[in-house]
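Report on the structure
Next come the chains, spelled out residue by residue.
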Amino acid sequence: MSRTLPPGWYPDPDAPLLERRWDGTAWTDHRRAPEAPGPPRAAGRAAGRARAVALTACGTALVAALVSGAFALARGDGDDVVADTAPTVESPTPTTASPAPAPSRLVDELDGISLPLPDGWVPSKYVTRDHVVMTTDGGRVFTRTLPAGSARAPAALAQQDIPQAADTSYGRIRSHRLVRSERVAVAGGTGYLVRWRVKTARGPGAYVQSLALTPARGGPSDALVVRFAFDAGPDGPPLADMDRITEGIRSVDR
C-alpha cells in the first residue's frame, strides 16, 4: 500500500478534534472543524447508518495512521518514528543582583580622618598626596597634608590656604567675599574654617572653604587642611552639604 496521501482534509495529528489540510507532501497551516453530520435518516436505515459510522471510524483511524507514516517518511525518520514535538526548555528565571550598599563614610587613612558621604556624593577613584576625597555634580572635597614649617594655629592655616584653594579649584578668580570665618569643633579637637563666595570668569561663581585641623596623624610637624569647592547656582550641590561634611568629620582613632 502506498503511504503517499492525495491532497485533502484529514484529522489533525496535533489536534484530533480538528481537520488539517494536507497538500500531498506536508501539512499546511490551514485547519477547520469537521463538517457537521447531515439530518438523521429514517429509522429503517439506523442499522445501515451505524455500520457506516463504524466504517467511517475505521477509515479515519486508517487515514490518520497513513498520514503519520507519510509524514514520518517525509521527515526521513525511517522505522524509528519520533514524535514531532519540540523539547520543552525551561527559561532560567532571571536574577537581579542586589547592588552593594553605598558607604556612609569615607575613611582617609593617609590623614587619619573619616568624612560623611551625603546623598549623591561618591569617593574619588584616584588618590594622591593632594587628592580629591569625594565628588558630586559641581562639588569636590580635597584633603591636603601641609609640609613642615607651615603656620601652626588652625586660624592662620585656614587663612593662608584659602586663596590657593580657590585658585586650584577655579583658576584665577575675579573677586571674593568672606562668608564665614570661625573656630569649629571637629575630629575630636579644634579646627578653623574660612569660607569665601568667589566670582569666576563665567557662570554664577562658587563657594570655597578651607578647614584647618592640627595636628594631623603622622607627626606634630604636619597639619591637615580639608578643601571644599562647590559650584554656585542650580548646578552645584546644596551649601548645607558643606556644613554636614564639616560637622561630620571624625578621627579614625575614635
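Figured I'd write up the structure that's included with this text. (Residues numbered from 1 in each chain as written. Predicted model: local features only at pLDDT ≥ 70, side-chain atom pairs only at ≥ 80, totals over all residues. Heavy atoms only, no water.)

Considerations on the overall build of the protein
- Within the protein, the regular secondary structure consists of three helices and 13 strands.
- Across the 254 residues in the protein, those meeting the buried criterion constitute 35%.
- Accessible area for the protein stands at about 15900 Å²; split by element, carbon and sulfur atoms hold 55% of it. (Helix = DSSP H or I, 4+ residues; strand = E, 2+ residues; numbered from the N terminus. Buried < 20%, exposed > 50% of the residue type's maximum accessible area, 1.4 Å probe, protein only. Areas by Shrake-Rupley, 256 points an atom, 1.4 Å probe, with all protein chains shown as cover.)

Some points on the packing of aromatic side chains
- For the coordinates displayed, the defined rule picks out two aromatic pairs.
- For the ring pair tryptophan 22 and tryptophan 27, a centre distance of 5.2 Å and an interplane angle of 80° mean the geometry is edge-to-face.
- For tryptophan 27, a relative accessible area of 12% translates into the label buried.
- Over the ring of tyrosine 207 we find arginine 197; its NZ or CZ atom is 5.0 Å from the centre of that ring. (Phe/Tyr/Trp six-rings, centres within 6.5 Å; stacked < 30°, edge-to-face > 60°. Lys NZ or Arg CZ within 6 Å of the ring centre and 35° of its normal.)

Describing unusual backbone geometry
- Phi at alanine 187 is positive, roughly 55°, even though this residue is not glycine.
- With respect to the helices, strands and loops of the structure, alanine 187 is situated in the loop between strand 9 (175–186) and strand 10 (189–199).

Looking at the sheet that holds strand 13 (residues 250–251)
- The sheet built from three strands is open, its strands ordered 4-5-13 with antiparallel pairing. Two strands bound the open sheet, and with one partner strand each, they are strand 4 (105–108) and strand 13.
- In the sheet, strand 4 pairs with strand 5 (residues 113–116) via four bridges, with the strands oriented antiparallel. Within the sheet, the bridge partner assigned to leucine 106 lies in strand 5 and is leucine 115. (Pairing = 2+ DSSP bridges.)

Here we look at the pattern of salt bridges
- Tallied over the full model, the rule gives seven salt bridges.
- The salt bridge involving arginine 180 is made with aspartate 243; its shortest N-O contact spans 2.8 Å. Of the two residues, arginine 180 sits in strand 9 while aspartate 243 sits in helix 3 (residues 240–248), which places them 63 residues apart along the sequence.
- The class of aspartate 243 is partly exposed, set by a relative accessible area of 23%. (Salt bridge = Lys/Arg side-chain N within 4 Å of Asp/Glu carboxyl O.)

Points about helix 2 (residues 154–170)
- Given a rise of 1.5 Å per residue, 17 residues ought to cover 24 Å, and the 24 Å separating the end C-alpha atoms of helix 2 matches this to within 8%.
- At isoleucine 162, helix 2 is deflected by roughly 35°, the largest bend along its length, and proline proline 163 occurs up to four residues later in sequence.
- For helix 2, the set of buried residues is Pro154, Leu157, Ala158, Asp161, Ile162, Ala165, Ala166, Ser169 and Tyr170.
- Following helix 2 by one or two positions, glycine 171 has its phi on the positive side, about 80°. (Expected span 1.5 Å × (residues − 1). Bend = angle between axes of the 7 residues up to and from the residue.)

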